[in-house]
Amino acid sequence: MQQLHYGMPTLIETSTLEECAKLCAELGLDFIELNMNLPQYQLDKIDVDYFKNIAEKYGIYYTIHLDENLNVCDFNPYVAEAYIKTVADTIDIAKQLDIKVLNMHMAKGVYFTLPDRKVLLFSEYKERYLKSIVDFRDMCENAIGENDIKICIENCDGYEEFQKEAIELLLESKVFALTFDVGHNHGIGGTDEEFIMKHKNRLNHIHLHDAKARKNHLALGTGEIDIEKYIDLAKEQNCRVVLETKTIDGLKQSVEWLKGV
């Protein structure tokens, strides 16, 4: 990319792919992040030829946001296998649609609440958890091969230490990278930023939205975040940027705000 590419999420107000693509093109954005939490973007609903035609018609392209429930390390092997197969099949779709980025959350898993503390089972059984992470990493690396696809790990509500270890294992492979969600980071007092900046050279994707205290996904320029600081970071690291508001109005406000930067 020679210039910053901006995209939009799949909004609940745009119930079809074509509605979403039309809005994307009208706002002068470059791509749509297809959200696999929505029923219309499940693997069995993605008609590759149709998605290609829509992209060509509106002059846009796609990234993918994997299901937020994804838990490839679940202790139930049947559950973990289903999620791993979901990622493998999504990689296959990405190859066919020339998708460069799959965005992924890191599951914290189940916890037990004791009288004096909360115990996260992935931390308690960390050796087993990290083995699952390595197996998942190797599967993704083999599935992607030499294709230009990155699985970008997104920060959400504060990384646990076992998650940081897991991410560093994933980053040993060239097919993994990082997503920096600026609003999520702000909402937890900026505690994920140090870890992300430690691995700044692996930053590939940014979810950009404004925030006030813990209120998130606001239109750019309506909150407390120094948005220009993160735009500069995106330029420095050659990241794609999703304007991750949750409404059409918020998206339009954000696009207008960017015109003044």
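Placed above this text is the structure.
So, here's what we can say about the structure.

Cut-offs applied
Residues numbered from 1 in each chain as written. Predicted model: local features only at pLDDT ≥ 70, side-chain atom pairs only at ≥ 80, totals over all residues. Heavy atoms only, no water. Axes fitted to C-alpha atoms, helices over the stretch in contact; angles between N-to-C directions. Helix = DSSP H or I, 4+ residues; strand = E, 2+ residues; numbered from the N terminus. Parallel < 35°, antiparallel > 145°, perpendicular 65-115°, else oblique. Left-handed = near helix turned anticlockwise from the far one by under 90°. Contact = heavy atoms within 4.5 Å. Nonpolar A, V, L, I, M, F, W, Y, C, P; charged D, E, K, R; others polar. Buried < 20%, exposed > 50% of the residue type's maximum accessible area, 1.4 Å probe, protein only. Pairing = 2+ DSSP bridges. Salt bridge = Lys/Arg side-chain N within 4 Å of Asp/Glu carboxyl O. Core = buried A, V, L, I, M, F, W, Y, C linked by side-chain atoms within 4.5 Å. Patch = residues over 30% accessible without salt bridge, like charges linked within 9 Å, V, L, I, M, F, W, Y side chains within 5 Å. Areas by Shrake-Rupley, 256 points an atom, 1.4 Å probe, with all protein chains shown as cover. Expected span 1.5 Å × (residues − 1). Arc of directions from axis to C-beta.

## Remarks on the packing of helix α5 (residues 126-144) against helix α6 (residues 161-170)
1) Next: Closest axis-to-axis distance for the α5/α6 pair is 9 Å, and the angle between their directions is 25 degrees. With respect to α6, the element α5 is oriented roughly parallel. In the packing of α5 onto α6, the handedness of the crossing is right-handed. Side by side, α5 and α6 meet where Lys126, Tyr129, Leu130, Ile133, Val134, Phe136 and Arg137 of the first sit next to Phe162, Gln163, Glu165, Ala166, Leu169 and Leu170 of the second.
2) Next: Here the contact of α5 with α6 is composed, by residue class, of nine nonpolar, one polar and three charged.

## Re unusual backbone geometry
1) Next: Of note in the backbone geometry, His217 takes a positive phi value of approximately 60 degrees without being a glycine.
2) Next: Looking at where His217 falls in the secondary structure, it is placed in strand β11 (residues 215-218).
3) Next: Accessibility expressed as a relative area gives 21% for His217, which makes it partly exposed.
4) Next: The backbone of Asn238 shows a phi angle near 60 degrees, a positive value even though the residue is not glycine.
5) Next: When you line up the elements, Asn238 lands in the loop between α9 (227-237) and β12 (240-243).
6) Next: For Asn238, a relative accessible area of 37% corresponds to the partly exposed category.

## Quick look at the sheet that holds strand β1 (residues 5-9)
1) Next: Here we have eight strands rolled up into a closed barrel, ordered β1-β2-β3-β4-β7-β8-β9-β12, and parallel in their pairing. Shown here is a sheet whose adjacent strand axes are inclined to one another by a mean of 30 degrees, direction ignored.
2) Next: Direction of pairing for strand β4 (residues 101-105) relative to strand β7 (residues 150-154): parallel, over a ladder of five bridges. Its bridge partner being in β7, His105 is matched across the sheet by Glu154.
3) Next: Here helix α10 (residues 248-259) sits on the sheet and contacts β1 and β12; the angle it forms with β12, its principal contact strand, is near 130 degrees.

## Things to note about the pattern of salt bridges
1) Next: Considering all chains together, one arrives at 16 salt bridges under this definition.
2) Next: The residue Arg137 makes a salt bridge to Asp138 at a minimum N-O spacing of 3.2 Å.
3) Next: You can call Arg137 buried: its relative accessible area is 12%.
4) Next: Close ionic contact of Lys259 with Glu256 constitutes a salt bridge, the shortest N to O distance being 2.8 Å. One end of the pair, Lys259, and the other, Glu256, are both in helix α10, three residues apart, so they sit about a helical turn from each other.

## So, the nonpolar core
1) Next: In terms of nonpolar packing, the biggest core is built from 81 residues, with Tyr62, Leu208 and Leu243 touching the most fellow members.
2) Next: With seven residues, the single largest contributor to this core is α5.

## Quick notes on a nonpolar patch on the surface
1) Next: Together, Val110, Phe112 and Leu114 give the surface a local cluster of nonpolar side chains, amounting to about 280 Å² of exposed area.
2) Next: Inspection of the secondary structure assignment puts Phe112 in strand β5 (residues 111-113).
3) Next: Judged by relative accessible area, which is 48%, Phe112 ranks as partly exposed.

## Remarks on α10
1) Next: Compared with the 16 Å implied by 1.5 Å per residue over twelve residues, the 17 Å span of α10 between its first and last C-alpha is a close match.
2) Next: Among all positions of α10, only Ile248, Gly250, Leu251, Ser254, Val255 and Leu258 are buried. Relative to the axis of α10, the buried residues are bounded by an arc of 165 degrees and lie together on one face. Facing away from the buried surface of α10 by more than 90 degrees, the exposed residues are Asp249 and Lys259.
3) Next: Of the surrounding secondary structure, the elements contacted by the buried residues of α10 are β1, α1 (17-26), α9 and β12.

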